[in-house]
Amino acid sequence: MAADEPLVLGIETSCDETGVGIVRGTTLLADAVASSVDTHARFGGVVPEIASRAHLEAMVPTIERALKEAGVSARDLDGIAVTSGPGLAGALLVGVSAAKAYAYALNKPLYGVNHLASHICVDQLEHGPLPEPTMALLVSGGHSSLLLAPDITSDVRPLGATIDDAAGEAFDKIARVLNLGFPGGPVIDRLAKEGDPKSIAFPRGLTGPRDAPYDFSFSGLKTSVARWIEAKRAAGEEVPVRDVAASFQEAVVDVLTRKAVRACKDEGVDHLMIGGGVAANSRLRALAQERCERAGIRLRVPRPGLCTDNGAMVAALGAEMVARNRRPSDLELSADSSLPVTEPHVPGKHQHTHDHDHVHEISKDNLYS
């Protein structure tokens, strides 16, 4: 870690976790997270209004915790990065507003970055600089995407995406049918280890010869599993929860890894990065490793804590923006719930000098020493 590498704070509020990370170059200094998942659990899913309120309450304490953990002052920062999209509009707005306030008050450049590109860039914190191009499989509650990134700061190309339910969403819905609670991913992963993945032949969506080679569909799988469970219950039979979990999970990860490896071969890329919340799934990691080794592909997967939404990933992409002299965002930056992955960040229309009037200069002195 060199002292001249950019020191960047990242804010992530796209869903139900308030994440604040601080990195210097590709070195992680702090990763503070305040989650509201327990509050949402009793509703069986994320409630946008509750998420936004939780972000408001957690923002300042989480930023202060990250600065303390990193052992730096806010005035030492070289930039502030924030997820500006995609995600829940109200939740994003809290993070963007906070980032703009800190950037303005501290006279620091602001970088509005893409949530999906951040999930790719976070791998730099664990495995070093990303290869160029990078092939990435991103799987979460809201996204299932295959992306090719020749330059993570300016050139991210979508090869395939989900046409209906994302992988993580399917996990949550099947967990609900099985009365396993929310979120569904961790509990299904745990139960699947005690089940037989070959016991039930659930369908593999979009794997036919005429189907889009890199797109994903899990809606049909979700319906098939739900109907299988309903039929068992209607017949008065006990549902083999562990076998259902294992067979369902295998159907999901089979498709994800099969298509990802195919994309690597077709594009001539000798490595695969997997990110997003579902990348914490143990079976996905194991099957991806097995298939990548067989195909001569190097697998890069961050540790589970960096796969779920966090501020470290936003800071990582922000630091890369600073290092590559990408244009900062304007202070008029807005939240964009449907920001396309082809826009890794939202550049301003012109370079700012970040000079403010004397009244605000006085108020800034009261913020941080």
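Check the entry above for the structure.
Residues numbered from 1 in each chain as written. Predicted model: local features only at pLDDT ≥ 70, side-chain atom pairs only at ≥ 80, totals over all residues. Heavy atoms only, no water.

A. Spotlight on the packing of helix α8 (residues 219–234) against helix α9 (residues 241–267). Viewed as axis vectors pointing N to C, α8 and α9 meet at an angle of 165°, and their least axial separation amounts to 11 Å. When the axis of α8 is compared with that of α9, the two are roughly antiparallel. The two elements α8 and α9 meet at a crossing, and its hand is right-handed. Between α8, through L221, V225, W228 and I229, and α9, the contact on the second element is made entirely by V244, F248, A251 and V252. By residue class, the composition of the contact of α8 with α9 is eight nonpolar, no polar and no charged. (Axes fitted to C-alpha atoms, helices over the stretch in contact; angles between N-to-C directions. Helix = DSSP H or I, 4+ residues; strand = E, 2+ residues; numbered from the N terminus. Parallel < 35°, antiparallel > 145°, perpendicular 65-115°, else oblique. Left-handed = near helix turned anticlockwise from the far one by under 90°. Contact = heavy atoms within 4.5 Å. Nonpolar A, V, L, I, M, F, W, Y, C, P; charged D, E, K, R; others polar.)

B. Region of the structure containing the environment of I50. Looking at the secondary structure, you find I50 in helix α2 (residues 48–70). Aside from chain neighbours lying at most four places away, what touches I50 is T39, H40 and F43.

C. Focus on the state of the cysteines. Enumeration according to the criterion identifies zero disulfides in this entry. We note that C15 lacks a disulfide partner, and the nearest cysteine sulfur, in C307, lies 16 Å from it. A relative accessible area of 23% places C15 in the partly exposed class. You can see C121 has no disulfide; the closest cysteine sulfur is in C307, sitting 14 Å from it. (Disulfide = S-S within 2.5 Å. Buried < 20%, exposed > 50% of the residue type's maximum accessible area, 1.4 Å probe, protein only.)

D. Geometry of the packing of aromatic side chains. Across all of its chains, the model carries three aromatic pairs by this definition. Judged by centre distance (5.1 Å) and plane angle (70°), the rings of F171 and F248 are edge-to-face. Placement of F171 in helix α6 (residues 167–177) and of F248 in helix α9 is noted, with a sequence separation of 77 residues between them. Seen in terms of ring centroids, F216 and F218 are 6.3 Å apart; in terms of plane orientation they differ by 10°. Their pairing is stacked. Pair check on accessibility: F216 and F218 agree, each one buried. Taking the ring centre of F216 as reference, the NZ or CZ of K259 above it sits at 5.9 Å. (Phe/Tyr/Trp six-rings, centres within 6.5 Å; stacked < 30°, edge-to-face > 60°. Lys NZ or Arg CZ within 6 Å of the ring centre and 35° of its normal.)

E. Spatial organisation of the nonpolar core. By size, the foremost hydrophobic cluster in this structure holds 50 residues, and its most contacted members are L137, F248, L256, L272 and I274. Elements with a minimum of two residues in this core: β6 (134–139), β7 (144–151), α6, α7 (184–192), α8, α9, β9 (271–275) and α10 (282–295). If you tally residues by element for this core, the top one is α9, at 13 residues. In contact with I274, other than residues within four places in its own chain, are L137, V139, A279, L284, A288, L299, R300, V301 and P302. Counting residues in hydrophobic clusters, the runner-up holds 30 residues, among them I120, I152, A312 and L317. (Core = buried A, V, L, I, M, F, W, Y, C linked by side-chain atoms within 4.5 Å.)

Everything listed here is a matter of coordinates, which is why it stays silent on function.
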